Amino acid sequence: MPTQKKNYHKRYIGDHKLHAESQMMGYGYDPALSEGALKPPVFMTSTFVFDNAQDGKEFFELAYGKRTANEGEESGLIYSRINNPDLEVLEDRLAIWEDAEKGLSFSSGMAAISTCLWAYLRPGDVIVHSAPIYGGSEYLIRNILPEFGVESVEFESGLLDYTLADALEEGLTKGRISVVYIETPANPTNGLVDLQRCRKLVDAIAERQGGHKPIIMVDNTFLGPVWQQALKHGADISIYSLTKYVAGHSDVVAGAALGSAEVMAPVMGFRTILGTMCDPHTCWLVMRSLETLKLRMERSAENAAHIASYLRDHPKVERVHYLGFLEEGSEARKVYDQQCLSAGSTFSFDVKGGEKEAFRVLDTLSFIKLAVSLGGTESLIEHPFSMTHADVPDDVKTRLGITESMIRISVGVEHVDDLIADLRQALDSI
Ligand SMILES: *Cc1c(COP(=O)(O)O)cnc(C)c1O
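Residues numbered from 1 in each chain as written. Predicted model: local features only at pLDDT ≥ 70, side-chain atom pairs only at ≥ 80, totals over all residues. Heavy atoms only, no water.

> How should the UniProt feature "modified residue: N6-(pyridoxal phosphate)lysine" (unreviewed entry) in the protein chain be read in this particular structure?
Under the local residue numbering, the UniProt record ascribes the feature "modified residue: N6-(pyridoxal phosphate)lysine" (unreviewed entry) to Lys244. Positionally, lysine 244 belongs in the loop between β8 (237-241) and β9 (255-259). Judged by its relative accessible area of 11%, lysine 244 falls in the buried class. Those residues in contact with lysine 244, other than ones at most four positions away along the chain, are Tyr134, Thr221, Ser373, Leu374 and Gly375. (UniProt positions renumbered as here; feature names shortened; annotations may be inferred. Helix = DSSP H or I, 4+ residues; strand = E, 2+ residues; numbered from the N terminus. Buried < 20%, exposed > 50% of the residue type's maximum accessible area, 1.4 Å probe, protein only. Contact = heavy atoms within 4.5 Å.)

> Is there a simple way to think about the sheet that holds strand β12 (residues 369-370) in this case?
Pairing between sheet strands relies on hydrogen bonds along the backbone, with the strands arranged either parallel or antiparallel. Pairing within the open sheet is mixed, and its five strands lie in the order β10-β11-β14-β13-β12. Every interior strand has two partners, whereas the edge strands, β10 (317-321) and β12, have only one. Both strand β11 (residues 346-351) and strand β14 (residues 406-410) contribute to a ladder of five bridges, which runs antiparallel. Within β14, the residue paired with threonine 346 across the bridge is serine 410. Packed on one face of the sheet, helix α10 (residues 293-312) meets β10 and β11 and runs near 10 degrees to β11. (Pairing = 2+ DSSP bridges. Axes fitted to C-alpha atoms, helices over the stretch in contact; angles between N-to-C directions.)

> Please explain the sheet that holds β9 as it appears in this structure.
Strand order in the open sheet made by the seven strands is β3-β9-β8-β7-β6-β4-β5, with mixed pairing throughout. Every interior strand has two partners, whereas the edge strands, β3 (102-106) and β5 (151-156), have only one. Adjacent strand axes in the sheet meet at a mean angle of 20 degrees when their direction is disregarded. Two strands pair when backbone bridges link them, and β8 and β9 are joined in this way by five bridges, in the antiparallel orientation. Among the inter-strand pairings, serine 238 is bridged to a residue of β9, identified as leucine 258. Across the sheet, helix α5 (residues 135-144) touches β4 (125-131), β5 and β6 (176-183), and the angle it forms with β4 is around 145 degrees.

> Would you take a moment to explain the environment of alanine 265 for this structure?
With respect to the helices and strands, alanine 265 occurs in helix α8 (residues 261-274). Residues alanine 265 and proline 41, 224 residues apart in the sequence, show an inter-C-alpha distance of 27 Å.

> How do you make sense of the site of the ligand when you look at a structure like this?
Surrounding the ligand, one finds 14 residues, the nearest of these being Gly109, Met110, Asp219, Thr243 and Lys244. Within the backbone of methionine 110, one N or O atom sits 2.8 Å away from an oxygen atom of the ligand. Contact distances for the ligand include 2.6 Å between a nitrogen atom and a side-chain N or O atom of aspartate 219. Burial of the ligand by the protein chains amounts to 92% of its free accessible area of 380 Å². A per-class count over the shell around the ligand returns six nonpolar, five polar and three charged. (Near = heavy atom within 4 Å. Polar contact = N/O pair within 3.5 Å; in protein donor to acceptor, adjacent residues only side chain to side chain. Areas by Shrake-Rupley, 256 points an atom, 1.4 Å probe, with all protein chains shown as cover. Nonpolar A, V, L, I, M, F, W, Y, C, P; charged D, E, K, R; others polar.)

> Sorry if this is basic, but what is going on with the pairing of β14 here?
Successive side chains on a regular strand alternate, one facing one side of the sheet and the next facing the other. Of all the five residues making up β14, five are buried; the element is thus mostly covered by neighbouring parts of the structure. Burial along β14 is two-sided: Met406, Arg408 and Ser410 and Ile407 and Ile409, pointing in opposite directions, are all buried. Sheet topology places strand β13 (residues 380-382) next to β14; three bridges connect them, and they run antiparallel. The residue of β14 that forms the bridge with leucine 380 is serine 410.

> Any chance you could explain the side chain of aspartate 86 here in plain terms?
Here aspartate 86 lies in helix α3 (residues 85-97). The buried charged residue aspartate 86 lacks any salt bridge partner; its closest oppositely charged side chain belongs to arginine 93, at an N-O distance of 8.6 Å. A polar contact of 2.6 Å, which involves the side chain of aspartate 86, links it to the backbone nitrogen of phenylalanine 43. When residues no more than four places from it in sequence are discounted, the contact partners of aspartate 86 are Pro40, Pro41, Val42, Phe43, Pro280, Cys283, Trp284 and Met287. (Lys, Arg positive; Asp, Glu negative; His and termini not counted. Salt bridge = Lys/Arg side-chain N within 4 Å of Asp/Glu carboxyl O.)

> What should I look at first to understand helix α11 (residues 331-339) in this one?
Working note: α-helix, 3.6 residues per turn, so residues spaced by three or four point in the same direction. Buried within α11 are the following residues: Ala332, Arg333, Val335, Tyr336 and Gln339. Buried residues of α11 fall within an arc of 160 degrees about the axis and therefore sit on the same side. Where the residues of α11 are buried, they touch α7 (195-208). (Arc of directions from axis to C-beta.)

> Got a minute to help me understand the environment of arginine 399 in this structure?
Mapping arginine 399 onto the fold places it in helix α13 (residues 394-400). Sequence separation of arginine 399 and glutamate 156 is 243 residues, and the distance between their C-alpha atoms is 9.5 Å. Beyond its immediate stretch of four places on either side in the chain, arginine 399 contacts Glu154 and Glu156.

> Just checking my understanding: could you explain the environment of histidine 129 for this structure?
The topology assignment puts histidine 129 in strand β4. Placed 24 residues apart in sequence, histidine 129 and valine 153 show a C-alpha to C-alpha distance of 6.4 Å. Dropping the residues within four chain positions of it, histidine 129 is found in contact with Glu138, Ile141, Ser152, Val153, Glu154, Phe155 and Tyr181.

> I keep staring at the nonpolar core and nothing clicks. Help me out?
For soluble globular proteins, nonpolar side chains are generally found buried alongside one another. Among the nonpolar cores identified, the biggest contains 87 residues, and Val128, Val180, Ile182, Ile307, Leu311, Phe347 and Phe349 are the most heavily contacted of them. In terms of domain composition, this core takes at least three residues from each of domain 1 (109-242) and domain 2 (293-427). Excluding residues that lie within four positions of it along the chain, isoleucine 182 makes contacts with Ser130, Phe155, Val193, Leu195, Cys198, Ile216, Met217, Val218 and Asp219. With 30 residues, the next largest nonpolar core counts Ile113, Leu117, Tyr120 and Leu121 among its residues. (Core = buried A, V, L, I, M, F, W, Y, C linked by side-chain atoms within 4.5 Å. Domains from an automatic or database assignment.)

> Would you mind going over the domain arrangement of the protein chain with me for this structure?
By a frequent convention, interface size equals the accessible area lost on bringing the separate parts together. For the protein chain, the assigned domains read domain 1 (109-242) and domain 2 (293-427). Look at where the C-alpha atoms of domain 1 and domain 2 centre, and you get two points 25 Å apart. Contact with domain 1, which involves 26 residues of that partner, is made by 32 residues of domain 2. Of the roughly 2500 Å² buried where domain 1 meets domain 2, counting both sides, 64% is carbon and sulfur surface. Here domain 1 and domain 2 share one salt bridge between them. For arginine 399, the salt bridge is made with glutamate 156, and the minimal N-O distance between the two is 2.3 Å. Where domain 1 packs against domain 2, one counts nine residue pairs in polar contact (both at pLDDT 80 or more). Those elements giving two or more residues to the side of domain 1 that touches domain 2 turn out to be β5 and α7. Of the residues that constitute the side of domain 1 that touches domain 2, the class distribution is 14 nonpolar, nine polar and three charged. (Buried area = accessible area lost by both parts, 1.4 Å probe.)

Pasting the structure below:
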């Protein structure tokens, strides 16, 4: 790979800007460097041969930050824990969706999340975060970070910004706030956090901390990158479990983080040392998935809209937590209109009754699979109270509205009539 960005990084035809979905087949890859192969080969190599000793020296100088890069200069390839062509092409393509300067890929969503947090938290620091968040992130913040001297303060998503303002005030009394960590929409409640409002509040905090700017990290797994671009609304880092919608076939585990070159530089440094990067073969699979990302997310969202309406009208269903049903004129609706481009395709609903009725529905389904995870081509359904959110204390679950009668569905790309037929016979069983 050359050290200069070349014409395979073209974003425009004249002054026409190419769309992200059109760039997923070729961007960032030069066939001439790989025997004319239309698609990037999988570069299964641990190390790279330098042309000469001077090149090797210069690559290391840049990789280890011993000098700043000259205009347009990028580090050459050294070793696959630091970088690899498949990682680079994938990262360039991921970055396009959010117009990010820099993308980094990781071995899992949790590898992305933890590496970003290690890069920006130090003993004595405070992390302010929304709740509920993904179980793994919650465990890391609640149980592991305190062992390294990092305290946390949480606020509930869905109740909107005044609770965030309260949490920031509380955080300031505990120490230096270095990270504000947000998951929006929240899982499984679909509660929203106003990212633009968050940006303003955090900028004001920076002034009160002698200029120390908290980094806003947004777990954008649920709607991103097609339906929500967190960076455009004030996030410093947009984080993904690529395992979900982006890879989208329930067959790989991977993660990513996007942001400005400046914000991502320390994350890259930590990734190199912690070794949390993605492997070339997984990168290749995610690149294949990216070619159909928009098609898949569009189809799933269309199916989900039909299913949400079907469930809302069903006599055995108490409530449907679907973003498309937010009340016109409500605060939540305003936030949704401002930062979300669609309601997506993962949502929850409460059946009438409790665990018994919810389990009956889950066990009576004959086509939709009972499994955790989401964002795949196939529809998956699960019981948050006893499965994905089993670890959350019962009183917290009650406060957040995660009930025993709640069922979460991740709607896939199947024919929607088949999904509704299966849900109908399952709901008829209670
Ligand atoms: C799955 C998930 C993660 C963790 O991702 P892995 O790839 O399983 O490590 C983080 N955040 C959200 C919102 C998720 O759904």
